[in-house]
Amino acid sequence: GAGVYDAVVVAVPANRAASLLRADGDVAGIDAVREWLAGVRVRRSFTVAYRLDRAFPGDYFGLSFPRTSDIGKTIAAVCIQSRKLPGLVPHGDALVVLPAPAAVPELYERNDETLTGDVLGVLDSAVPGVSKRVTGVHVQRFEDAYSIYAPGDLRRIAEFGKLAMPPRVAFAGDYLTSASVEGAVRAGDAAAASLLRSG
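Definitions and cut-offs
- Residues numbered from 1 in each chain as written.
- Predicted model: local features only at pLDDT ≥ 70, side-chain atom pairs only at ≥ 80, totals over all residues.
- Heavy atoms only, no water.
- Helix = DSSP H or I, 4+ residues; strand = E, 2+ residues; numbered from the N terminus.
- Buried < 20%, exposed > 50% of the residue type's maximum accessible area, 1.4 Å probe, protein only.
- Contact = heavy atoms within 4.5 Å.
- Polar contact = N/O pair within 3.5 Å; in protein donor to acceptor, adjacent residues only side chain to side chain.
- Phe/Tyr/Trp six-rings, centres within 6.5 Å; stacked < 30°, edge-to-face > 60°.
- Lys NZ or Arg CZ within 6 Å of the ring centre and 35° of its normal.
- Axes fitted to C-alpha atoms, helices over the stretch in contact; angles between N-to-C directions.
- Parallel < 35°, antiparallel > 145°, perpendicular 65-115°, else oblique.
- Left-handed = near helix turned anticlockwise from the far one by under 90°.
- Nonpolar A, V, L, I, M, F, W, Y, C, P; charged D, E, K, R; others polar.

> Would you take a moment to explain the environment of arginine 156 for this structure?
With respect to the secondary-structure elements, arginine 156 resides in helix α5 (residues 153-160). Residue classification places arginine 156 among the partly exposed residues on the basis of a relative accessible area of 22%. Ignoring any residue separated from it by four or fewer positions in sequence, one finds arginine 156 in contact with Glu35, Trp36, Gly39 and Val40. Within the structure, the side chain of arginine 156 is placed 2.6 Å from the backbone oxygen of tryptophan 36, a separation counted as a polar contact.

Structure representation (C-alpha cells):
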C-alpha cells in the first residue's frame with residue numbers, strides 16, 4: 001500500500017522498470033540505468049486455461065511436446081492444475097496450455113474465441129476427447145512475457161552490475177539471470193540481499 005519505505009525491489013519487466021525511473025536527472029547515473037533497462041528485448045506470449053468437468057486422468061503434472069512434432073508446432077506444454085496442490089481445483093480440473101514460441105506471433109493476433117478453439121483442436125489431438133470435457137476457458141495475454149537472450153547478453157548483464165544504482169533501489173527479473181521462473185527468483189534473492197547488505 002501507500003507509505004514510506006526504506007528500500008524497494010523493482011520486480012517488473014525491464015521495459016516497465018525503465019519507465020518507472022524519473023527522468024529529472026536528480027540521481028547520478030540514472031540515465032545509464034534507464035537506457036540499459038530499455039534495451040532489454042522482450043517477447044509476448046499467452047496461456048489458455050481450460051476448465052474440465054472431471055479430474056484429468058493420469059498421475060503426472062504435465063505434458064511437453066517436441067517442437068518438431070505436429071502438436072509441438074502449436075503447443076509447448078500442458079500443465080494439469082489439480083496436480084499442483086490438493087484442493088486447488090475442487091470440482092473437475094483445469095489445464096493450462098503454454099504455446100510453442102514459434103506459434104505465438106500468429107496465434108496472438110487471433111481473437112479469444114478463435115484462439116481457444118484452434119488451440120483446443122490441437123490439444124484434442126494430444127489428449128483425445130478432452131474437448132468434450134471443457135466447461136470454461138480463459139485466455140491470459142502477456143505483452144512482455146519473458147526476456148530474449150542473444151550472443152553477448154551475458155557480458156551486457158555483467159555491465160548492469162557496474163552501473164550506479166539509485167540509492168536503496170534494487171532490480172529483479174529474468175533479464176538479469178536467465179529467461180525462466182527460476183532465474184527471476186534468483187534475481188529477486190540477489191536484489192533483496194544487496195539491499196540488506198547496504199543497510
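> Looking at this structure, how should I read the packing of aromatic side chains?
Aromatic ring pairs are described here by two measures, namely the spacing of the ring centres and the angle between the planes. On inspection of all chains with the given rule, the structure shows four aromatic pairs. Note on phenylalanine 56 and tyrosine 60: the rings are 6.2 Å apart at their centroids and 80 degrees apart in plane angle, and the pair reads as edge-to-face. Each ring, one from phenylalanine 160 and one from phenylalanine 171, has its centre 5.9 Å from the other, and the planes form 80 degrees; the classification is edge-to-face. Residue phenylalanine 160 is found in helix α5, and its partner phenylalanine 171 is found in strand β7 (residues 169-171); the two are separated by eleven residues along the sequence. The residues phenylalanine 160 and phenylalanine 171 share a single accessibility class, namely buried. Of the aromatic side chains, those joined through ring pairs into one cluster are Trp36, Phe160, Phe171 and Tyr175. The ring of tyrosine 108 is capped by arginine 141, whose NZ or CZ atom sits 5.2 Å from the centre of that ring. The ring of tryptophan 36 has arginine 156 sitting right over it, with the charged end atom 4.3 Å from the ring centre.

> How should the packing of helix α2 (residues 30-38) against α5 be read in this particular structure?
Pairs of packed helices are described in terms of their axes, by the angle between the two and the distance that separates them. Relative orientation of the contacting elements α2 and α5 amounts to 155 degrees, with a least axis distance of 11 Å. The angle between α2 and α5 falls in the class roughly antiparallel. The crossing of α2 and α5 is left-handed. Here α2 contributes Val33, Glu35, Trp36 and Leu37 to the contact with α5, which in turn contributes Arg156, Ile157 and Phe160. In the contact of α2 with α5, the residues fall into five nonpolar, no polar and two charged.

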